[in-house]
Amino acid sequence: QVQLVESGGGLVQPGGSLTLSCEASGFTFSNFFMSWVRQAPGKGVEWVSTMGNRDRDSRTAYADSVKGRFTISRDNAKNTLYLQMNALKSEDTAVYFCRRAIGLDPGQDFGSWGQGTQVTVSS
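To start, this report covers the structure provided alongside it. (Residues numbered from 1 in each chain as written. Predicted model: local features only at pLDDT ≥ 70, side-chain atom pairs only at ≥ 80, totals over all residues. Heavy atoms only, no water.)

This next bit is on the sheet that holds strand 7 (residues 70–75). In a beta sheet, neighbouring strands pair by backbone hydrogen bonds and run either parallel or antiparallel. With respect to topology, four strands assemble into an open sheet ordered 1-3-8-7, the strand pairing being antiparallel. Either end of the sheet is taken by a strand with one partner, and the two such strands are strand 1 (3–7) and strand 7. Each adjacent strand pair in this sheet contributes to an overall mean axis angle of 15°, direction not counted. Both strand 7 and strand 8 (residues 80–85) contribute to a ladder of six bridges, which runs antiparallel. From the neighbouring strand, S73 faces strand 8, where its bridge partner is Y82. (Pairing = 2+ DSSP bridges. Helix = DSSP H or I, 4+ residues; strand = E, 2+ residues; numbered from the N terminus. Axes fitted to C-alpha atoms, helices over the stretch in contact; angles between N-to-C directions.)

The subject of this paragraph is the state of the cysteines. This model, assessed by the stated rule, comprises one disulfide. Here C22 engages in a disulfide with C98; their sulfurs sit 1.9 Å apart. Disulfide C22 to C98: torsion about the S-S bond roughly 55°, handedness right-handed. Here C98 lies in strand 9 (residues 94–101) and C22 lies in strand 3 (residues 18–25), a separation of 76 residues in the sequence. (Disulfide = S-S within 2.5 Å.)

That's the geometry; what it means functionally is another story.
And the structure:
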């Protein structure tokens, strides 16, 4: 049973920072690319970032909207994926989800969904 548990969201002012975590279980975490996606109120799901498995492929990819502000990372020993978010904007407000993936490109995420974690950027 694949489980993905996102945490770390909250209310932050514009320009602030936040770090999200995703604890994974039920699969061999180090075998997979991992992604972050988000869904803003009334909007569809938007791809944010993907990272390779790190052991054999440490490449990362980011959506243009977050490039230079967000950093994806992972700790395979802890089965945990992270998203460091800096210089947050109101348009970053969304529920953030982690996803398994098969490659770095957008749309390559698949499988089970966690509950997500809410990020609200507001003054």
